[in-house]
Every structure is written in C-alpha cells, then in structure tokens.
Number of protein chains: 2
Amino acid sequence: MQELIKNYETLRARLKAYQYAMYVISWDSETEAPSGCFQERGKQLGVLSEESYKIATSDEYINIIDQLFEKRKKLKPVLAHEITEAKKAMRKMKKIPMEEYVKYSILLSNSQQIWAKAKNNQNFAEFAPILEQIVAFQRKYIAWQETDELKGYDILLDEYEVGFTTKEYDEFFHLLKRDLVPFVKKITSTKLNYNQEFKHYKYKKEKQVKFMDYIMKVMDYDLNRGLLKESEHPFTSGFGTSDVRITTHYYEDLLSSAIFSTIHELGHAKYEQQVDSKLDETNCSGGASMAMHESQSRFFENIVGRDYHFWETHYPKLQKLFKKELQNTSLKDWYLSINEAQNTFIRVEADELTYPIHIMIRYDIEKKLISGEIEVKDLPQIWNKAVKDYLGIDVPNDKQGVLQDVHWAMGSFGYFPTYALGSAYSAQILHAMKQDLDFNALIGKKNLKPINNWLKQRIHKFGSSKYPKDILFDATNEEFNPRYYITYLIDKYSEIYQIK
Amino acid sequence: MQELIKNYETLRARLKAYQYAMYVISWDSETEAPSGCFQERGKQLGVLSEESYKIATSDEYINIIDQLFEKRKKLKPVLAHEITEAKKAMRKMKKIPMEEYVKYSILLSNSQQIWAKAKNNQNFAEFAPILEQIVAFQRKYIAWQETDELKGYDILLDEYEVGFTTKEYDEFFHLLKRDLVPFVKKITSTKLNYNQEFKHYKYKKEKQVKFMDYIMKVMDYDLNRGLLKESEHPFTSGFGTSDVRITTHYYEDLLSSAIFSTIHELGHAKYEQQVDSKLDETNCSGGASMAMHESQSRFFENIVGRDYHFWETHYPKLQKLFKKELQNTSLKDWYLSINEAQNTFIRVEADELTYPIHIMIRYDIEKKLISGEIEVKDLPQIWNKAVKDYLGIDVPNDKQGVLQDVHWAMGSFGYFPTYALGSAYSAQILHAMKQDLDFNALIGKKNLKPINNWLKQRIHKFGSSKYPKDILFDATNEEFNPRYYITYLIDKYSEIYQIK
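Since the model is a prediction, treat every value here as computed from it, not as a measurement.

## Quick word on the overall build of chain A
Move 1: Along its length, chain A carries 20 helices and 3 strands.
Move 2: The principal-axis extent of the C-alpha atoms belonging to chain A is close to 70 × 50 × 50 Å.
Move 3: Here chain A holds 500 residues, and the buried ones make up 56% of them.
Move 4: Look at the contacts in chain A between residues 6 or more apart in sequence, and 73% of them connect residues 24 or more apart.
Move 5: Accessible surface computed for chain A: about 22,100 Å², of which carbon and sulfur atoms make up 51%.
Move 6: Seen as two clouds, the 69 positive and the 71 negative side-chain charges of chain A have centres 3 Å apart.

Structure representation (structure tokens):
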C-alpha cells in the first residue's frame, strides 16, 4: 500500500510539473509574449501536452488509480478524494470513442477562430455550422455518459459544479424569474440621480496604478506570492499557494473599470493564496469549483467593493489621487454611480443586479438546445426574444447578442449557470459571516484581514479537497439556498433606489 | 536511414520542448516572478529536468546518436554537425564517474550562495573551502577528458570556444601585454577634458524608456519577435528566431548605463533573430559560441554605439528628450564622456580600453590555478598584485577584487577569455566589413539595416551550424588575428586622447 501511494505520488508530481510549465507559458502568452512567437510556441506546447498525456494514459498510472480506488476507504481523506475524482475522470474518458474524441479536438481547435470572425462580422450564420457539430458532439457525449443518476443536460451541469443539476438550477432560476425579474424591471425604469460630472474626465493610468497598490494592501493580498500586471482581459492565474498572479486593464476614460476588475481578481487570488499549502503537491490545490471561485471574486467585487462603508474609508484616498477630477463628486455620488442598474446587452459589462438575468437567459437556451427542443439555426431569434422579454431591449446585432460569449465555441455547455450560482453562494456566505462578525464595521477598516480569515477557515483552506456543496454547507450550516441572494439584491437596490 | 533520422528528430523535438519550458520559466524568474515562488519552482524545475535527462540518457537516444555518427558522412551538413557535437558531449559525459558527477552537482548547487555571502562580507576565506573543491573537480575532470590532442586547461578552453586553446590565447594575451598594456598606462594617466556638468543631473526613467524605443528602431530590432523589459542585470534570452527578448536596467543618475547595456543586448538579440529560421528545430539554432555572441554585442555596444558618427545622428534626439539636463553638453562632450578610459576594479564596469586587461589577469590566474602552479588560498594576494601591476591600483577588499565575479563559483573555468576574444573578433569583423561597406557613412544613418544585413549574411544566419573559427574565417577571409583589435584600440584612443 505504501509502495502504491509512493508510485502514485511520483506520477502525480510528474504530471504537476507539466501543468506548472503550461501555467508559466500561458501567463507569458496572456501578458507579454511577442505576437511572432505563437506558431513556435504552439508546436512546443503540443509536445509538452503529449508528454503529459502519455503519463496520464499510461497503463501504469491507470492501474495505480484502479488499485487505490479499490482501497479508497483506507486512504486519508484528501487522497481518497483525489483518487475518486481521478477514477471518475478516467471512467468518463473511457466511454468516449477514441476517433470521436480526436475529431472533436480538431473541431474545437478551429471553432474559436471561426466564432471570433463571425462575431466580428456580426453574422451568426458563419458560426452556425461548426456550432451545430459541437452541439451534436455534446448530445452524443451525454448519451455515452448517461447513468441511472445522471441524464441529459444534468451530466454537463454536474461536470462544472458537482451535485448541481437541473433540479437545483431550475429552482434557482425559477425564483429569479418570479421574484427578481419584476423587481429589476422596476429598478431599471427608475432614474438614479447623482452628479455625473466625473465621467467626463480622463484618469491617468499612473495614478490608477497607485490606487491599485493601495487596494492590494487593503485586500491583504500577499505580494511575495503574487503580482499585478496588465492584460487585455483581467484574469487570475496561479499554481499552488506560492504563486497566484492577477492582471487588470486600465481605461483612462472609465475609472471604475480597473478598480472593480482588480478587486474581482483579488477575490480569486485571495482564495488560492489561502488554500492550505499542504495541498500544493496534491490535485486538491486551487479552488473547489467554478462557482465557488466566482463566489469569492464576486463577494469582494460586489458585496465588499460596492458597499457604502467600504468607500467611506477608501473614497477619500481616491479623491486625493484625483483631486481635480473628483472635487465635485461626493462619496454618495460615487457610491450611486458604482451601483447604478441598467438593462444592457453584454453580460461581462452588466451590473450586479441585471447580471443574473443574462445567465438565466443562457441557462434556458442551453437546456433546450442540449435536449433538442431547439436547434442551432434558431438561436439568434430565440436569444433576441429572451433579451426583449427579460431586459426589455432590442438586440441590434449578433455581436451584441448570441455571439458575444466564447463559451459555446469552446464546447463549454453547463458553464454559464455557475456564474450566477457563484453570486448566490456569496450572498449565502455573507449571511453566515454576519452571524460571526460585525461585517459593517469590519468592511470600513483599512485592512480586510478579519474577513479574509473567516473565509480562509470556512472555505479557502480546503482547496478542492471537498465538494463545493459540502464546503457551502459546512461554512453556512445550510444547504444552498438562493433566497439569500434574492433578498440581498432586493434589499440593497431598494435602498439605493429608495423604493419601498 | 530515413527511419533513423525521423526517430532522432522526434527525440530532439521532445528535448527541445523541455528547453523551451525552461526558457520561459527562467525568463519569468529573472524578470518578475514573486520571491515566494522559488521553492516550489525549484521543485518543479527539478522534475522537468529529470524528465528531459531521462530522454537524453536513454539507450534509445544514445543508440540513435551512435548509429547516425557512424553514418555522419552521408548526412546533410547541419545534421552531421549536430550529431558530431552530440556524440562529443556523450563521450565526455561517459568519462565522468556517476558518483563524482552527482557530488559535483550538489557542490555547485550550494557554491553560488556561499560565494555571494563571502563577497558581501568581503571575505575570500569564506569562499576558499568550496572553491578548493570546485578546482579539485576541474583538475580531475581534465584528467578524465585528456586525449592526445587536448590536455590540461586546453580542455576547458576548448569547451567554451572550440579550437581555441592556450596556444591561441597565449599569443593573444602576449600581444596585449606587449602592445596594449603600455598604451593603456599612457592613456589612463592622461586627463580627458570635457564639460562634466551633465553628470550632476537626474535622468527620468520614463524619458530614458523613450530613448530605448528609439534605439530599438535604429538597431532594426524586430519587436514582433522580441521585447524589452527591466531586470536587475541586463541580459538577452531567446528561443529560436521567433522569440528573442532583452532586458535593461535604468539608473536615473547614470544616463549612459541603460543606453549601452541596451545596445549591447540588442547586439546579442539581432544575432539570434537573424539566424536562419530553418535552424530553429535543430540543435544549431542560437549563436555559434560565447565569443562569437560577445563579438556581436560588443560590435554594437563599442564599435557602433561609441562612435562619433553614430552620435552625430542620435545625440540631438537624446538632447531633445533631456532639454534642460543636456543643454550645455555638446556632442563632443558626450562623445568624450562615453569613451573615457580609467583604471577601475570591477570588470563589468570597465571601459572599452581597459576591459581586456581585466580578462588577461583572469586568464593568467586560471591557467596557473588549473595546472596547480598556484593554489586557491593564494588567490587574493595574486589577484591584488596583478591588478596593481597592470592597472596600477590597490584593491581595497575581496569584494572589489577576487570575489567580484560569479564564474568560478559556477565552476566556469575557461569562460573569461571568451569575453576578450569576442572584442577581438569584433575588430576583425569591422575590418572585413569596411572592405564591403562605407561603414562611416552607414553608421550615421537612422537605421542600421545594411550593417545588420552584412552580419546576417556573413555570421548570423549560420547559427551554431558551423564552428566559430570557420565562421570567422569565412566572414573575414582570414584566421583569427588579434592585431586588428589592438590596432583598433590604439587608433581610436590615440585620437580621442590626442596622443601621437
């Protein structure tokens, strides 16, 4: 047994080393690599992937997983957890006919480019043929993976968030539809009055950078184990707990953009930095799931970062940096501006309140598309109708409509709902945190350490050694309950918009 | 045969992919990785090295090399060249007893830290014990590697510059000692008169950055296949021709520093960018040798970058950027300041004229140390005496003396002389170039493309598919001749110092 575990750990360490190389190379690609290097880079990454693939599909590795899986009851919990997950992944892989897998991989390697071109040309018809093939694969995939417990779209949903299927999501989105949609309609038809003068100025990048330095300290982000850099689209990228980096993007004509994207990424980064470092060498490092990760980034971006008490403390700092530009803008003006809700077309630019509506629309469509109730060719029409129904606006073209997101071009079905789930988690977590901490007082402090500590102990430290459902239950003493999210949004926006 | 070559190419591609990963990771380490990541990084690099080592020492790989080596006469020249080199490396490796190799690797993994501490403490005695062990290994290594053709220190010299042994270097340094040393004494005892006012100002980094952007254009550096970044010590790092990056370091109180270190690195980078891209997938990519690489960086740094005609064109640009700081500094003042020769302690800070003296001192000492004529414990005394004899100055402490360079702590004996050889190559190359091009006219152009093209055709494009000795001969129609270097220095400095 000890021998078996040792052999497993050796293979795991080898596989991890390839992930590590990929991590550093992809960080370089996203942040600074010169455009001319990518052809060569693609070739080298191909070889490295193959090296890693050979290990992961070797008889030796598969045998070890099989044997350890048989003995999983006798293993320590973390090891048992990762062996169970590895076994599950292998079982799934085995069910995919090799030639179908290869065909699909080739399909995906072209689809993003085709999608990007179609989006640029505002023409869904250019993307439809390849999307049809992707959807066809998804439907076949579901047939291969079907078990007594999981069928249809549930198979895909469960892959992104273990234990979450149409049962849970239907309940969640039904509640949103019933209670939130009418409220959002009311809010977005109400005008928010504040001084908008500050929107007309330019905000020098160098000064914005200084504010980010300040915010990183407030968030207690450990710069010995991370760094902030620029990239086209902000993201967090990490390996274990000792190297978790973030990026942001500065717009001189939109001060709030870099601030909130930085706080969002800092939420992701604090999560990864606060995982128990003992998990670094295991496959249980990093966050528990997409939704749990998103719960942390949105907790900081929206619940913390758009709170009045937070800005009571930090707005003077921002005003001091931009003396002239913000001299006539009060704390209240700023607070209202960063919480204004509007019906818009683009998901990634949506505000906190309307965001889940964008997800709800995608969930409804994906569910029907996978089941065959609707077909690819009808997507633009269905999309535009849903946006009109729920957001009340007319989609001007496919770029601002059905083509806006890359996910389907990547074959990622079942991914979207985790975004809304993450926000819902964060509201439930806030409720639990408030039982233990004086949140309104702590959020006004110069340093968010006590809040971080709570999250570390209840959520972060477990990494992905537990399922998100269990982490949420243990952290909040309750099953997932979307009510907190809806209540949070309605309370917050009722106050901001002075609606009774 | 075709099968054999194909198998070789597959293994070569795998080995290259590991080099590629190491390249990107080490670039990240040197330029931005957070300090806290290095323990984990060391572990991951260890695994990747092992993966690569397993391939390079596999029976399969060794067999293929052996078989191709037997048939090398029938191979295409580039392939024949790399197989010959691979066979040579294997033969050498085989002669090192495994346990000695492991012991030595462990030794080296500690020695740099010990050296750095001793240097910091200005205390050679702290470094002596481990240096003794390193030297002892070098002496044993020589005994293992001895052949009829190569013995003693020659074995080490030949490893850094194939075909260069004590025979060539003795001649070279003898000539330096006889003709250059007395001239340097005369120059360094002469005062150079120019307006030094500009040395008292601060030169804002942002403006220096702008000048580097300008210089990169002048040098015709391809930014689609490279980038300029900052690091503690400037360096060039590349992989193939499609990704060749440089760094520099800005000092606000020393304007010339970043300018000349950038031009130096651009010389290295142009070399690698101009290798025939067909060599990318082979082991003949990159520069031909240390000395040949250094010849290109020094050609641009010293011969081009410190030339009067060069600054006639570009000084106005610099003056425009630093209007106030340079208003009283004439082109002549600037030109004299960047060509002032002084006896100083530190090699890397030495000017063009005194630089080879620093190397000559190291060569004399290394030669005797390896032969056993002198011992490690006597190094500080011998060092200080040589510096007094040749540069006329009293070394104040070991940090500014024998401990200044890291090379010996890395086990790099035979490396130093290539620095001076590089400068000598560059003077010989200049002489040949002047037969074909109107150098003085071209150097005053806004873009150095014609000079780059000449270097590409004569030197760069071959990468390391030919030995440096052969490249030099073919490029200049002559064997290595150090006379050009000495004449170049004496002519240049006689004019600057108005000495007849």
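Let's pick the thread back up.
## What about the relation of the copies chain B and chain A?
Move 1: For these two chains of identical sequence, chain B goes onto chain A by a turn of 180 degrees and a shift of 0.1 Å along the axis, with RMSD 0.1 Å. Classification of the inter-copy transformation places it as that of a two-fold axis. Minimal C-alpha distance to the rotation axis in chain B is attained by Ala 21 of chain B, lying at 2.9 Å.
Move 2: Mapped onto chain A, 100% of the interface residues of chain B are again interface residues, and the two copies thus contact each other with one and the same surface.

## Some thoughts on the sheet that holds strand 1 (residues 228-230) of chain B
Residue and element names in this part refer to chain B.
Move 1: Strand order in the open sheet formed by 3 strands is 1-3-2, and the pairing between neighbours is mixed. The open sheet has two edge strands with one neighbour each: strand 1 and strand 2 (236-238). Strand-to-strand twist across the sheet, computed as the mean angle between neighbouring axes with direction ignored, equals 30 degrees.
Move 2: Note: strand 2 against strand 3 (residues 244-248), 3 bridges, orientation antiparallel. Bridging from a neighbouring strand, Gly 238 pairs with Val 244 of strand 3.

## Remarks on the interface of chain B and chain A
Move 1: Taken together, the 38 residues of chain B in the interface contact 38 residues of chain A.
Move 2: Buried surface at the junction of chain B and chain A, both sides included, amounts to about 3,000 Å², of which 55% is carbon and sulfur.
Move 3: For the pair chain B and chain A, the interface holds 10 salt bridges.
Move 4: A salt bridge links Arg 245 of chain A to Asp 28 of chain B, with the nearest nitrogen and oxygen atoms 2.7 Å apart.
Move 5: Taken together, the connections running from chain B to chain A amount to 19 residue pairs in polar contact (both at pLDDT 80 or more).

## A word on helix 18 (residues 449-458) of chain A
Since the α-helix packs 3.6 residues into each turn, any two residues three or four apart lie on the same face.
Residue and element names in this part refer to chain A.
Move 1: Of all the residues in helix 18, the buried ones are Ile 451, Asn 452, Trp 454 and Leu 455. Down the axis of helix 18, the sector holding all buried residues measures 160 degrees, keeping them to one side.
Move 2: Looking at the packing, one finds that the buried side of helix 18 touches helix 10 (255-273), helix 11 (290-304), helix 16 (416-436), helix 17 (439-442) and helix 19 (468-476).

## Topic: helix 9 (residues 205-218) of chain B
Residue and element names in this part refer to chain B.
Move 1: Here helix 9 spans 20 Å end to end across 14 residues, near enough to the 20 Å set by a 1.5 Å rise per residue.
Move 2: When we look at burial in helix 9, the residues that qualify are Gln 208, Phe 211, Met 212, Tyr 214, Ile 215, Met 216 and Val 218.
Move 3: Contact partners of the buried residues in helix 9: strand 1, helix 10 (255-273) and helix 12 (308-321).
Move 4: One or two positions beyond helix 9, positive phi appears at Asp 220, with a value near 65 degrees.

## Looking at the pairing of strand 3 of chain B
Residue and element names in this part refer to chain B.
Move 1: Judged by how many residues are buried, strand 3 sits mostly within the fold: 5 of 5 residues are covered.
Move 2: The two faces of strand 3 match: Val 244, Ile 246 and Thr 248 on one face and Arg 245 and Thr 247 on the other face are all buried.
Move 3: Note that strand 1 and strand 3 share 3 bridges and pair parallel. Along strand 3, the bridge assignment pairs Glu 230 with Thr 248.
Move 4: Linking strand 2 to strand 3, which pair antiparallel, is a turn of 5 residues; within it Gly 240 sits at a positive phi near 65 degrees.

## Focus: unusual backbone geometry
All names here are of chain A.
Move 1: Despite not being glycine, Gln 122 shows a phi value in the positive range, around 55 degrees.
Move 2: Relative to the helices and strands, Gln 122 is located in the loop between helix 5 (98-120) and helix 6 (124-145).
Move 3: Given the relative accessible area of 39%, Gln 122 is considered partly exposed.
Move 4: The backbone of Asp 220 sits at a positive phi, close to 65 degrees, despite the residue not being glycine.
Move 5: Within the secondary structure, Asp 220 is located in the loop between helix 9 (205-218) and strand 1 (228-230).

## Brief notes about the side chain of Lys 87 of chain A
Move 1: Structurally, Lys 87 of chain A can be placed in helix 4 (residues 77-94).
Move 2: Those residues in contact with Lys 87 of chain A that lie beyond four places of it in its chain are Ile 65, Asp 66 and Phe 69 of chain A.

## Looking at the packing of aromatic side chains
Residue and element names in this part refer to chain A.
Move 1: Scanning all chains against the criterion turns up 77 aromatic pairs over all chains.
Move 2: Here the aromatic rings of Phe 310 and Trp 311 are separated by 5.4 Å at their centres, their planes lie at 90 degrees, and the arrangement is edge-to-face.
Move 3: Judged by its relative accessible area of 0%, Trp 311 falls in the buried class.
Move 4: Judged by centre distance (6.2 Å) and plane angle (90 degrees), the rings of Trp 383 and Trp 408 are edge-to-face. Of the two residues, Trp 383 is situated in helix 15 (residues 379-391) and Trp 408 in the loop between helix 15 and helix 16; the sequence distance between them amounts to 25 residues. An identical accessibility class is assigned to Trp 383 and Trp 408; each is buried.
Move 5: Among the aromatic residues, those joined into a cluster by ring pairs are Tyr 153, Phe 164, Tyr 169, Phe 172, Phe 173, Tyr 363, Tyr 425, Phe 480 and Tyr 485.
Move 6: Stacked on the ring of Tyr 355, the Lys or Arg Arg 298 has its end atom at 4.1 Å from the ring centre.

## Some remarks on the side chain of Asn 452 of chain B
Residues and elements named next belong to chain B.
Move 1: Along the chain, the position of Asn 452 falls in helix 18 (residues 449-458).
Move 2: Within the structure, the side chain of Asn 452 is placed 2.9 Å from the backbone oxygen of Met 219, a separation counted as a polar contact.
Move 3: Ignoring anything within four residues of it in the chain, the contact list for Asn 452 reads Met 219, Asp 220, Lys 270, Gln 274 and Phe 300.

## Regarding the pattern of salt bridges
Pairing of side chains with opposite charge becomes possible as their charged atoms draw close.
Move 1: Across all of its chains, the model carries 68 salt bridges over all chains by this definition.
Move 2: Taking the shortest distance from any N to any O, the salt bridge between Arg 245 of chain B and Glu 32 of chain A comes out at 3.6 Å. Here Arg 245 of chain B, found in strand 3, pairs with Glu 32 of chain A, found in the loop between helix 1 (2-31) and helix 2 (38-56), and the two come from separate chains. Of the two residues, Arg 245 of chain B and Glu 32 of chain A, neither departs from the other in class, the shared state being buried.
Move 3: In this structure, Lys 469 of chain A and Glu 168 of chain A form a salt bridge, with 3.5 Å as the shortest nitrogen-oxygen distance. Taken together, the residues Lys 469 of chain A in helix 19 and Glu 168 of chain A in helix 8 (residues 166-188) connect sequence positions 301 residues apart.
Move 4: In this structure Lys 469 of chain A comes out as partly exposed when scored by relative accessible area, which is 27%.

## Brief notes about a positive patch on the surface
Residues and elements named next belong to chain A.
Move 1: Taken together, the side chains of Lys 204, Lys 207, Lys 210, Lys 217, Lys 317, Lys 320, Lys 323, Lys 324 and Lys 446 make up a positively charged region of the molecular surface.
Move 2: Elements with a minimum of two residues in the positive patch: helix 9 and helix 12 (308-321).
Move 3: Ranked by residues supplied to the positive patch, first place goes to helix 9 with 3 residues.
Move 4: Judged by its relative accessible area of 53%, Lys 210 falls in the exposed class.

## Let's talk about the environment of Arg 91 of chain A
Residues and elements named next belong to chain A.
Move 1: Mapping Arg 91 onto the fold places it in helix 4.
Move 2: Judged by its relative accessible area of 40%, Arg 91 is partly exposed.
Move 3: On a C-alpha basis, the gap between Arg 91 and Tyr 250 in space is 45 Å, while along the polypeptide they are 159 residues apart.

## A look at the sheet that holds strand 3 (residues 243-248) of chain A
Residues and elements named next belong to chain A.
Move 1: A sheet is described by the order of its strands in space; here 3 strands give the open sequence 1-3-2, paired in mixed fashion. Edge positions in the sheet fall to strand 1 and strand 2 (236-239), since each has one partner strand and no second. On average, adjacent strands in this sheet sit at an angle of 25 degrees to one another, irrespective of strand direction.
Move 2: Across 4 bridges, strand 2 lies against strand 3 in antiparallel orientation. For Thr 236, the partnering residue across the bridge sits in strand 3 and is Ile 246.

## As for a negative patch on the surface
Move 1: A contiguous patch of negative charge, built from Glu 206, Glu 252 and Asp 253 of chain A together with Glu 206, Glu 252 and Asp 253 of chain B, is present on the exposed surface.
Move 2: Residue placement: Glu 252 of chain B occurs in the loop between strand 3 and helix 10.

## Considerations on a nonpolar patch on the surface
Residue and element names in this part refer to chain A.
Move 1: A cluster of nonpolar side chains, namely Tyr 53, Met 93, Met 98, Val 102 and Ile 106, defines an oily patch on the protein surface of about 460 Å² accessible area.
Move 2: For the nonpolar patch, the leading source of residues is helix 5, giving 3 residues.
Move 3: Within the fold, Val 102 resides in helix 5.

## Overview of the packing of helix 14 (residues 355-371) of chain A against helix 15 of chain A
Residues and elements named next belong to chain A.
Move 1: Two numbers describe how helix 14 lies on helix 15: the axes approach to 10 Å, and their chain directions differ by 145 degrees. Seen from above, helix 14 lies across helix 15 with right-handed handedness. Together, Ile 357, His 358, Met 360, Ile 361, Arg 362, Asp 364, Ile 365 and Leu 369 of helix 14 and Leu 379, Ile 382, Trp 383, Ala 386, Val 387, Tyr 390 and Leu 391 of helix 15 make up the contact between the two elements.
Move 2: Of the residues assigned to the contact of helix 14 with helix 15, the class counts are 12 nonpolar, 1 polar and 2 charged.

Rules behind the numbers
- The written sequence of each chain sets the order in which its residues are numbered from 1.
- The order in which chains are written sets their letters, starting at A; the order in which ligands are written sets their numbers, starting at 1.
- pLDDT decides what is reported in this predicted model: residues at 70 or higher carry local features, side-chain atom pairs at 80 or more are listed and counted, and totals for whole chains, interfaces and linings draw on all residues regardless.
- The side-chain values count all of the structure's non-hydrogen atoms but skip hydrogen atoms and water molecules.
- Strands here mean DSSP runs of E at least two residues long; helices mean DSSP runs of H or I at least four residues long; both are numbered from the N terminus.
- Buried, partly exposed and exposed residues are distinguished by accessible area as a fraction of the type maximum, computed with a 1.4 Å probe on protein chains only: under 20%, between the cut-offs, and over 50%, respectively.
- Between two residues, a contact is recorded if the distance between any of their heavy atoms is within 4.5 Å.
- Computed by Shrake-Rupley with a 1.4 Å probe, the accessible areas treat only the displayed protein chains as cover when residues are assessed.
- We count Lys and Arg on the positive side and Asp and Glu on the negative side, and we leave His and both chain ends out.
- Every charge is mapped to an atom, namely NZ of Lys, CZ of Arg, CG of Asp or CD of Glu.
- Only residues with pLDDT of at least 70 in both copies count here: their C-alpha atoms drive the least-squares fit that superposes the copies.
- At least two DSSP bridges between two strands are required for those strands to pair.
- Axis lines are fitted through C-alpha atoms, for helices just across the contact stretch, and the angle between N-to-C directions can take any value from 0 to 180 degrees.
- Here the quantity called buried area is the total loss of accessible area, with a 1.4 Å probe, experienced by two parts when brought into contact, counted for both.
- Definition used for salt bridges: Asp or Glu carboxyl oxygen within 4 Å of a side-chain nitrogen of Lys or Arg.
- Polar contacts, as used here, are pairs of N or O atoms within 3.5 Å; protein pairs need one atom able to donate a hydrogen and one able to accept it. Residues neighboring in sequence count only if both atoms are side-chain atoms.
- Read the arc as the range of directions from the helix axis to the C-beta atoms.
- Each helix should span, by expectation, one fewer than its residue count multiplied by 1.5 Å.
- In this analysis, rings of Phe, Tyr and Trp, with Trp reduced to its six-membered ring, are considered paired at centre separations within 6.5 Å, and the interplanar angle assigns stacked below 30 degrees, edge-to-face beyond 60, and tilted for intermediate values.
- By definition here, charges over rings are those cases where NZ of Lys or CZ of Arg is within 6 Å of the ring centre and within 35 degrees of the ring normal.
- Patch rule: a residue counts if its relative accessible area is over 30% and it has no salt bridge; like charges are joined within 9 Å, and nonpolar side chains (Val, Leu, Ile, Met, Phe, Trp, Tyr) within 5 Å.
- By convention the crossing between two helices is left-handed if the near helix lies anticlockwise of the far one by an angle smaller than a right angle, and right-handed if it lies clockwise.
- Classification convention: Asp, Glu, Lys, Arg as charged; Ala, Val, Leu, Ile, Met, Phe, Trp, Tyr, Cys, Pro as nonpolar; all other residues, Gly among them, as polar.

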